[in-house]
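# A closer look at the structure
The residues making up each chain are set out below.
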Amino acid sequence: MALLLSRCCAWNKRTSGFAGGALNVCSLFNGCRDREAPPAGYPLAREVGAGAGRRHALVKELYLHRRIYLNTTAYKKPVSLWRTPSRLMYTTRTKCCCNQVHSDKQYKNPYTLAQEDLKNLYDEIRRLLAVSSDLKEICDYYFDGKGKAFRPMIVVLMAKACNLHHSKNRNLLKSQHSIGMIVEMIHTASLVHDDVIDGSDTRRGKITVNKIWGERKAILAGDFVLSAASVALARLGNNSVVSMFTQAIEDLVRGEFMQLGSKENENERFMHYLEKTFKKTASLIANSCKAVSILGNCDPDVQEIAYQYGRNIGIAFQLVDDVLDFTSCANQLGKPTATDLKLGLATGPVLFACQQFPELHALIMRRFSVDGDVNQAWQYVQQSDGVQQTCYLAHQYCQEAIRQISMLHPSPERDALIQLAEIVLTRNK
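These lines cover the structure that appears in this document, whether it is placed above or below. (Residues numbered from 1 in each chain as written. Predicted model: local features only at pLDDT ≥ 70, side-chain atom pairs only at ≥ 80, totals over all residues. Heavy atoms only, no water.)

## Side note on the packing of aromatic side chains
Cut-off, in case you're wondering: Note on aromatic contacts: the rings of Phe and Tyr and the six-membered ring of Trp form a pair at centre separations within 6.5 Å, being stacked when their planes are under 30 degrees apart, edge-to-face when over 60 apart, and tilted otherwise. Two thresholds decide whether a charge sits over a ring: the Lys NZ or Arg CZ must be within 6 Å of the ring centre and within 35 degrees of the ring normal.
Counted by the stated rule, this structure contains seven aromatic pairs. A network of ring pairs unites the aromatic residues Y141, Y142 and W213 as a single cluster. One Lys or Arg, R427, reaches over the ring of F317 and ends 3.8 Å from the middle of that ring.

What follows is the structure, encoded as structure tokens:
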């Protein structure tokens, strides 16, 4: 899988329409690219509340992505349903072009750089959740210290990068360290609840809490972890940070509701998918990145950089996760593959495949509920460019994340966050 994603990046580099072989994502993601805007008939989100601008931006990003992708050498229009499988399935290792946005220098490994600050993370969380009941056993089961702590790692690196930019001092503040614990607790609580909703048997290569202790105790355990995270958040005494995490939790819930539905119109369906992806995955990362910049007393411009980096890396992370559901084996991913299709979910690869094979539309609308639908959808995706287009879109989000974080002063942490973009694109689990 790493080879597939890496090759996809390399293909993007060869596209002739981009200056220097790389897409100017600065203008693409800020809506100021020197291209025509979406046509008047292109559906936009209804402008309701503070999220209207973000939904409009998601639609515009998608529209431009589809125009650009369809004009690159990575896209080949199928001549028939049973065309030759994509050449992305037969590749050799090539260097991901993410690093080439800046130079060929070797950036710091983000996991290694954050290791010292995170070595006691799970011990501290378990102490925070210490209770004398079944709850403790369940909490200890999930916070066993074997996770990669992806979100706390981003928080720690972002905090230090922002601190250096603002005050020339890279030291991690105690309050910023607490954000790393809080974001991991909120994320884990959401996983416990998701497993109950989806009826999942495994998570991270382990049997899920709901299968061991039952759904009722799993739900209560998730609630307990979320309440403990809220208490830790309140202790920080920063109203802006509390408000941001409240919004992130609301987005998690709204994203889960969005996942239960779909849209009839193809363009609205893509907008719905991207907005759901932001709410379920990227919002928590984006708001936690902004939170540590606020706690470091950074100016609003730096706070926005932190937020946009988290937003873009979070969306890219989920897009790659959706690709892995079609390309990775269960042993690598830590959960059964084709899970999304079995749950009735149409993710990026399926939605892009539907452009080439309209027969997928009916399957999407009935959420793959008829016998044979899952297998049929799987075949359509394998015979389309759905995986490649989703990889390409993830690459663009990573490019924008790199552009944003590169505005900060140079530091090992800033460079590690740049390196993280390649790790997100080339991961296989």
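## Digging into helix α6 (residues 134–142)
For an α-helix, 3.6 residues make a turn, and residues three or four places apart therefore share a direction. To keep it simple, the criterion reads: The buried label applies to any residue whose accessible area, calculated with a 1.4 Å probe on protein chains only, is under 20% of its type's maximum; exposed applies above 50%, and partly exposed to all values in between. Helix numbers and strand numbers start at the N terminus; a helix is a DSSP run of H or I with at least 4 residues, a strand a run of E with at least 2. The arc refers to the directions leading from the helix axis to the C-beta atoms. Residue contacts are counted whenever heavy atoms from the two residues lie within 4.5 Å of one another.
Residues of α6 that are buried: I138, C139 and Y142. Here the buried residues of α6 occupy an arc of 100° about the axis, which is enough to place them on one side. On its buried face, α6 sits against α8 (174–198), β1 (202–203), α9 (209–212) and α10 (215–235).

## As for the pattern of salt bridges
Here is the rule we go by: Only one rule defines a salt bridge in this text: a Lys or Arg side-chain nitrogen within 4 Å of an Asp or Glu carboxyl oxygen.
A complete count under the given rule lists 17 salt bridges for this structure. The salt bridge involving D195 is made with R203; its shortest N-O contact spans 2.8 Å. Exposure class is identical for D195 and R203. Each is buried. Note that K280 is salt-bridged to E256, the shortest N-O span being 3.0 Å. With K280 in helix α12 (residues 266–295) and E256 in helix α11 (residues 239–259), the pair connects residues that are 24 residues apart, well separated along the chain. Connected via shared salt-bridge partners are D194, E256 and K280.

## A few points about the packing of helix α4 (residues 110–118) against helix α20 (residues 412–426)
Heads up, the condition is: For helices, the fitted line uses only the C-alpha atoms of the stretch in contact; every axis is such a line through C-alpha atoms, and the angle between N-to-C directions lies from 0 to 180 degrees. In what follows, roughly perpendicular refers to angles from 65 to 115 degrees, roughly parallel to angles under 35, roughly antiparallel to angles over 145, and oblique to any angle outside these ranges. Throughout this entry, Asp, Glu, Lys and Arg are counted as charged residues, while Ala, Val, Leu, Ile, Met, Phe, Trp, Tyr, Cys and Pro are counted as nonpolar. The remaining residues, Gly among them, count as polar.
Put simply, α4 and α20 touch, their axes get as near as 8 Å, and they point 125° apart. Our classification of the angle between α4 and α20 gives oblique. Side by side, α4 and α20 meet where P110, Y111 and L113 of the first sit next to P412, E413, A416, Q419, L420 and I423 of the second. A per-class count over the contact of α4 with α20 returns seven nonpolar, one polar and one charged.

## Things to note about the state of the cysteines
What counts is decided by this rule: Note that a disulfide, as used here, is simply two cysteine sulfur atoms within 2.5 Å.
In the structure shown here, the tally under the stated rule is zero disulfides. The closest cysteine sulfur to the non-disulfide-bonded C298 is located on C162, 4.6 Å from its own sulfur. By relative accessible area, C298 is classed as buried at 6%.

## Describing empty space enclosed by the protein
What counts here: We place a 1 Å grid over just the protein atoms. Points where a 1.4 Å probe fits but has no way out form a cavity, open points with protein on both sides within 12 Å along at least 5 of 7 lines form a pocket, and any residue with an atom within 4 Å of a point lines it. Grid points are joined across faces, edges and corners, and a volume is the space filled by probe spheres set on the points.
In total, this model carries three cavities of 30 Å³ or more according to the counting rule given. Its boundaries defined by the atoms lining it, the largest cavity holds a volume of some 170 Å³. Along the wall of the largest cavity there are 16 residues; nearest its centre are Q259, G261, S262, H272 and A346. Broken down by element, the residue count for the lining of the largest cavity peaks at four residues, all from α12. Tallied by class, residues from the lining of the largest cavity come to six nonpolar, six polar and four charged.

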